[in-house]
Each structure stands twice: as structure tokens, then as C-alpha cells.
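# Per-entry structural report
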Amino acid sequence: MTSKTAAAAARATVYGYPRQGRNRELKKAIEGYWKGRVTADALRATAAELRATNWRQLSGAGVHEVPTGDFSYYDHVLDTTVMVGAIPTRHRAAVEADALDGYFAMARGTQDVAPLEMTKWFDTNYHYLVPELGPDTVFSADSTKQVAELKEALALGLTARPVLVGPVTYLLLAKPAPGVAADFDPLTLLDRLLPVYAEVLADLRAAGAAWVQLDEPALVQDRTPAELNAAERAYRDLGALADRPKLLVATYFDRLGDALPVLAKAPVDGLALDFTEAAAANLDALAAVGGLSGKRLVAGVVNGRNIWVNDLEKSLSTLGTLLGLADRVDVAASCSLLHVPLDAAAERDIEPQILRWLAFAKQKTAEIVALAKGLARGTDAIAGELATNRAALASRADSPITHDPAVRARAAAVTDADTRRSQPYGERSAAQRAHLGLPLLPTTTIGSFPQTGELRAARADLRTGRIDTAGYEERIKAEIQEVVTFQEKAGLDVLVHGEAERNDMVQYFAEQLTGYLATQHGWVQSYGTRYVRPPVLAGDISRPEPMTVRWTAYAQSLTSRPVKGMLTGPVTMLAWSFVRDDQPLGETARQVALALRDEVGDLEASGSSVIQVDEPALRETLPLRAADRAAYLAWATEAFRLSTTGVRPATQIHTHMCYAEFGDIVQAIDDLDADVISLEAARSHMQVARELAAHGYPREAGPGVYDIHSPRVPSAEEASELLRAGLDAIPAERLWVNPDCGLKTRGWPETRASLENLVAAARTVRGELSGS
């Protein structure tokens, strides 16, 4: 096919779309089902209507081929586990009794059965449920969901393409099941898994699928020759199937590297590649392998992970270069639009001048359609769109919001001395022990306490004017007092104020920093029914006034025990925001760090002896390619130290990380030079404690003994067992006892019981250590 013909054939598509609905209808229906207020049939009806709404919107916007199978009640990797029959032994009875309840039991656990482990989806803030596999795993195909959703779309008269997690990525994301040797490699199950995928593909073909998309994002990471051979074998075998739809293998989030020639030569019908930012190298790499002769190329030129308008002329240039490298070039976002909010037009509180800089899923769809039209018919066909786009880009570049000379001058003046504590850890820890007087195995929580309906109602009442500021603050004070009183009675050693005043750990700070914008409807799925509204980091950052001192000081006035000051760290402020893309991330991180440094200093001056700066996103934002990591970790760890190193030696700096794989960043954790780090460990059975020990981590650590992402209450003995496992790796004088994460999403009854059990476990193990 000639370049001209390939251009004329260009069409628009997407890999996935936000699931929640315009008003988070899915969240409400699922949580209503959990509480017994919504029937299973009503939940299924809500889900079906949301899917139909999404498909109609995409088709109406000009998307030729809509995705199916990307919709999920909780997580698409968990859906894949169901599809291939890899149900953990402990969940089989629940799944056999009721498929829907069993599905949610795998996701959330029950009082008697632990859920699957949860961790981050590559370098995003989306969480997936980790498959548990072993040498005895028996796979079996269940394509019910995938076939049903395809038929729903076809019944609407739409061209539809089912989307599946690919077999290689599925196995590379998996872990050995409990009781299986830690060195078991799930990829050894590939030959057992491929016939199951073949059966699913045949079912989809029989149901009317012309194309099926197999997502293989794991192949953009550094892969061993054995892993690349597995990918070659997988797509050789699947491509050779006689009864199959056409196969589109999709990769995203980074450049494909050594896997590109493997997939380019595979007997599949198309390849979807990311051509944005870090993945821009795919363009030259694709030319170097001679293109995709005889294949379809889906070009991801619209950033599916950020919310800034696309540079349409730049994208058209990229698309023009791609012509001639494939038989057909289609246009898409770089990845599923799951990672962005639904519709920027719903934002009424953002200035119109700024709003035109933003593109959520609906606007990105329009950009994709415009680019496909421009590629097929020429730039004259989209002259209006191009003119509007140029004006939006120019407005942003020239705006005073994006450039503050004072902020830039302060950031440029930072020296290496600004990023170092005045004394080494050994001297600091002695001063801290003397000052704080904490017992062996001190107990604490991560920061937040349950955000009750009453608290959310109070915020709503303040917004609507039903109460004034004074009335709202009285409610917050009452909640803080209740939280402090409970912690004292429960016997916790280092307290928190509970964060009653905070809507979100990033948004709360963003609303008080210059350079940030807040959305009202910018909801994005983090995990399950947990949705967040990432703020928009649009310009240079500074802190006009203290943000947390008042409430922390009030909590401290209620108790003689230390109350932690609680802040969100600079890397997480970037990672959990839609961050500006017009300057290096390191420069933006330094600006945020300086604003937080001011807050840390004010907290210390007000009497805080323990200050926690959370960095749960440090691992999440780690580049997928090893070659890119050193530069990232250098600016990321410097930003954390810049925010925390201005305090006295006796002031104890904590940090917190959760739900990620930490083994490959232990040196970076060390480089943070925090006095205490708390980490997720309950679902992974203290793996991170062993990783810290193997590294020789020299400071204090609190690997979590209470999994807060499940509604079940861990017993005191269960927490004791985890604590003893932690002691096998970390000496008692450096071990803290805490939950995995904050308690914001939990209810008060389970929180009280769980924390009381946690304190009881600490006392029991303390007694064992002292021989009493």
C-alpha cells in the first residue's frame, strides 16, 4: 500500500475509556451492592448502560472502532485472572457459590479470606490485582465477559475491537502464589496459558470480532533474552491459529526497544505503538526495522496520561513520517484513556482561558478524530481545529501563570548544602530517642483516619453556605479531638490529627499552593471504587502561607504524646497531579520541595517533633527503562531531602510508601535520609522488610502489619505473626508497628478494632522480647 493510500485509510480509535460514568454511577452502584442496597441485576444494568453510553459517545465523535472488554467492575487484570481460570485456591469456594461475590472477594478479601495483593500498574497511579500462580496452576478459558460485551457493542451497530491483557504481560505481572517457592517464574506457564488464549480468541471470532487487541505493555520494560523469546513464541503460536480474528498487539507507556523487532516479525496483523514523550524513540526504531510491511500500525500520538491539549501540527508531522512504514496507519491515544478524567467541559470553575489548555477523555477523542481526518484528507480539512489549537498553545506559553521569576530565582539558588541534614543519622537518632522517649516497637498510624459521612457533609455544607467557616471549623475540631482521644485510649505512641480537614492528600495542598488548579469533576480511577481528582500543576509553585500548622498544633495541644505533622512529598505531588509538560520534571519538583520546606520549618517552630513527608509515588514514577532511572532518582531524592533537611537533629523525619515493588529502589529509599520509613507489607508478607535487610538499610522502618485496603479486621495474633516476621529482618530497636497505609477509606468500627489489635500485638511481642 502506498503512503497516499495508507493516509486515505487512516481511522481513529482508542484502547480504552473511563469506566466510572459522568457522575461516578459505577462507584455508587458497586458500593451500594456491597452494602446490600443495590441488587446484582441493578448493578449489571448500570454497568451495561455506562458501556453503551461510552460506545455511543465514541462513535458519535467519529471513532471508527470502539474498544470492548476494557470495562471492569474493579480491575482489568483481575478480569483476566477470571478469564483464564487462575482463581486462587482460597477463593474458589466463593467464586463457585456466586461469581460476582467471589470476584469482589478476590479484590477486597473477606473477614476470613485475604484478597489478592495490589500494586501499581507500571508507572501510573492505577492499581491492579496481582495474579497468584504456581507450578500446579491449571488454566481454563472463561470468555463470558469478553463475548457478552462484544455482543452488546455489535448490537448497537458499532464496529468493535475486544481488548485483552496479553499472555506475556499477564505472566510477567504475576507472582508466586502463597506457599510456592519465591524463585518460581510464572512465565514458565506460557505454554499452558496459550491454548486458553486461543480458545478465547476463537470464541470472540465466533461472536463477530474482526480484530482483537492484546495489550503487552510489559514489553516496553527491559526484558531478558528468555522473556523476548517467550514473546516471540507466544505470538508465533497465536498468529498461526487457523480460527482467529486479526490480532493487534498494543504496547504503551515507553519505547519498545528490543521487543520491537520481535513483534514486527511476528505473524500478527497489527502493532500499536506509543509515540509520545519517552516513547518518541519508537519512530526511529520502527524505521530501523524496516517498518511493518503488510501490517496495520496504530499510532499513539495523543498523550493518554496527561490532560494538556495536543500539539496537532507536531502530531501530524509524526503521523506523516509514519506513512510508508505500514500498510495502514490509524490514530489513537498513547494508551487507554482510563488514566484521564471524562470531560473538561464539565469544569465550571476554571477560567475559560485556562480551560482551553486542557483535554480530558472526550476532548482527546476529538483530537484523535481530527488527526485521523487531517492525515486522511489533508490539513485543509481541519483548518479550524488547527487554528484553535495554535491559539491555545500560544496562550499557555505566554501566560503569567506558568512563569514566576521569584520562584525560579529561588530554585536556581539551591545548593548541595541545602539538601543535607546538619548531622548524620547516628547522631540524630540518639537525639531523637532522648527527646521522644518512645518504647521498643513504637506504634503509630500513617496519617488519615476515616472520612465519615458527617465530614463529607460538613464540607458540602460549607461549599453551599449551609454553615459558615466558623461552624465548619468547630466540626473539624470535634473530629480531631475524637481521633486524638481514641488514639490515647488505644495506646498508640505517636499520634496523628487524622486529617479531618483534608479532601485528598494531594488536592488539599494543591488548593493552597500557587501554580495549581483544582477540578470539580476530574475523577480518575485509582483502584476499585476509589476515585481521585488529581489537581492540575499548571505553573510555577510557591506557598503563600502555612497549610497544616494550625490543625497539627491544635491536636498537639490535646495530648502530651507526640503528634506527627503530615505532609505530601514533592514527587507524589507531581505524580498524583496532572503535571505541566513544558519544563523538566526535576525543575518542577524542586519548586514544590521549596514550598514544602517552608511548611516543615513552620511545623517544627510550632512544636512538632515528628514530621512525616509521604512519598508513596517514588517507586510508581520510576522510569520503566533502567537507563532512565539514575537521572530520575537523582532529582527525586534531592527534592525529598530539600523539603526535609532544614530541621534540627532531634526532629524526627518520617516518610511513607505503599503498594509498589520496592526492591529495585532500596538504595533510593536509603538516599532519602529519612529517620523512619513506613511501607506496605501485609499483603506481601513482609517482603519489603527482607529487601531492606538485604540492602543493609541502617535506619528505622515500619513495614505494615494491617492491610487497610481490605474491610477485614486482622486479629492481634495475625498482626503479631507479621511483626515477628518483620523482626526476622529488622532489629527491634529500629522496628515500628503501623498499618500499611492511611485509614481514610475505612469505617470507624473496623478501624477501632484493627488498631486495638495492632497495639495488642506490639505489646505481646514487646513482652516476648523482654521475657515478661
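Notes on the structure follow. Just so it is clear, the structure is predicted and the values come from calculations on it, not from any experiment. (Residues numbered from 1 in each chain as written. Predicted model: local features only at pLDDT ≥ 70, side-chain atom pairs only at ≥ 80, totals over all residues. Heavy atoms only, no water.)

## Some remarks on the overall build of the protein
Counting its secondary structure elements, the protein contains 29 helices and 21 strands. Expected size for 772 residues packed as a compact globule is a radius of gyration near 28 Å; at 26 Å, the protein falls within 12% of this value. When each of the 772 residues of the protein is scored for burial, the buried share is 61%. If you take every contact in the protein between residues at least 6 apart in sequence, the share linking residues at least 24 apart comes to 80%. Surface summary for the protein: the accessible area is close to 27600 Å², and the carbon and sulfur share equals 51%. Taken together, the 81 basic and 99 acidic charged side chains of the protein have centroids lying 3 Å from each other. (Helix = DSSP H or I, 4+ residues; strand = E, 2+ residues; numbered from the N terminus. Rg over C-alpha atoms; globule rule 2.2 N^0.38 Å. Buried < 20%, exposed > 50% of the residue type's maximum accessible area, 1.4 Å probe, protein only. Contact = heavy atoms within 4.5 Å. Areas by Shrake-Rupley, 256 points an atom, 1.4 Å probe, with all protein chains shown as cover. Lys, Arg positive; Asp, Glu negative; His and termini not counted. Charge placed at Lys NZ, Arg CZ, Asp CG, Glu CD.)

## Description of unusual backbone geometry
Phi is positive for His685, which is not a glycine, with a value near 60 degrees. Among the secondary structure elements, His685 is positioned in the loop between strand 20 (676–679) and helix 27 (687–695). With a relative accessible area of 49%, His685 lands in the partly exposed category. A positive phi angle, near 70 degrees, is found at Met686, a position not held by glycine. Along the polypeptide, Met686 turns up in the loop between strand 20 and helix 27.

## Focus: the nonpolar core
Among the nonpolar cores identified, the biggest contains 122 residues, and Tyr170 and Leu319 are the most heavily contacted of them. In this structure Leu319 touches Ala299, Val301, Val329, Val331, Leu371 and Leu375, once residues within four positions along its chain are discounted. Of all hydrophobic cores here, the second largest spans 98 residues; its members include Ala490, Trp551, Leu642 and Phe662. (Core = buried A, V, L, I, M, F, W, Y, C linked by side-chain atoms within 4.5 Å.)

## Looking at the packing of aromatic side chains
A full pass over the atoms with the stated rule returns 16 aromatic pairs. With centroids separated by 5.4 Å and ring planes inclined at 85 degrees, the aromatic side chains of Tyr508 and Phe509 adopt a geometry described as edge-to-face. When sorted by exposure, Tyr508 lands in the same class as Phe509, which is buried. A network of ring pairs unites the aromatic residues Tyr33, Trp34, Phe71, Tyr73, Tyr74, Tyr103 and Phe104 as a single cluster. When the ring centre of Trp523 is taken as origin, the NZ or CZ atom of Arg24, which lies over that ring, is 3.7 Å away. Stacked on the ring of Trp308, the Lys or Arg Arg396 has its end atom at 3.8 Å from the ring centre. (Phe/Tyr/Trp six-rings, centres within 6.5 Å; stacked < 30°, edge-to-face > 60°. Lys NZ or Arg CZ within 6 Å of the ring centre and 35° of its normal.)

## Things to note about the packing of helix 13 (residues 312–322) against helix 15 (residues 361–377)
Here helix 13 crosses helix 15 at 50 degrees, and the two axes come no closer than 10 Å. Relative to helix 15, the element helix 13 is oriented oblique. Read as a crossing pair, helix 13 and helix 15 show a hand that is right-handed. Where helix 13 abuts helix 15, its residues Leu312, Ser315, Leu316, Leu319 and Gly320 lie against Glu367, Leu371, Gly374 and Leu375. (Axes fitted to C-alpha atoms, helices over the stretch in contact; angles between N-to-C directions. Parallel < 35°, antiparallel > 145°, perpendicular 65-115°, else oblique. Left-handed = near helix turned anticlockwise from the far one by under 90°.)

## Remarks on the environment of Lys35
Mapped onto the elements, Lys35 comes out in the loop between helix 2 (25–34) and helix 3 (40–61). C-alpha separation for the pair Lys35 and Ala206, spaced 171 residues apart in sequence, amounts to 38 Å.

## A short note on the sheet that holds strand 21 (residues 700–703)
Taken in spatial order, the 5 strands of this open sheet run 16-18-19-20-21, and their pairing is parallel. Whereas interior strands pair on both sides, the edge strands pair on one side only; in this sheet they are strand 16 (565–568) and strand 21. For this sheet, the mean inter-axis angle between neighbouring strands, taken without regard to orientation, is 20 degrees. Direction of pairing for strand 16 relative to strand 18 (residues 610–614): parallel, over a ladder of 4 bridges. (Pairing = 2+ DSSP bridges.)

## Side note on the pairing of strand 9 (residues 270–274)
By the criterion of burial, strand 9 is predominantly enclosed, with 5 of the 5 residues buried. Neither face of strand 9 is open: one carries Gly270, Ala272 and Asp274, the other Leu271 and Leu273, and all of them are buried. Pairing geometry for strand 8 (residues 246–250) and strand 9, over 3 bridges, is parallel. In the sheet register, Val249 faces strand 9, and the bridge partner there is Leu271. Traced from strand 9 through helix 12 (residues 282–288) to strand 10 (residues 292–302), the parallel crossover comes out right-handed. (Right-handed = clockwise from strand over helix to strand, strands pointing away.)

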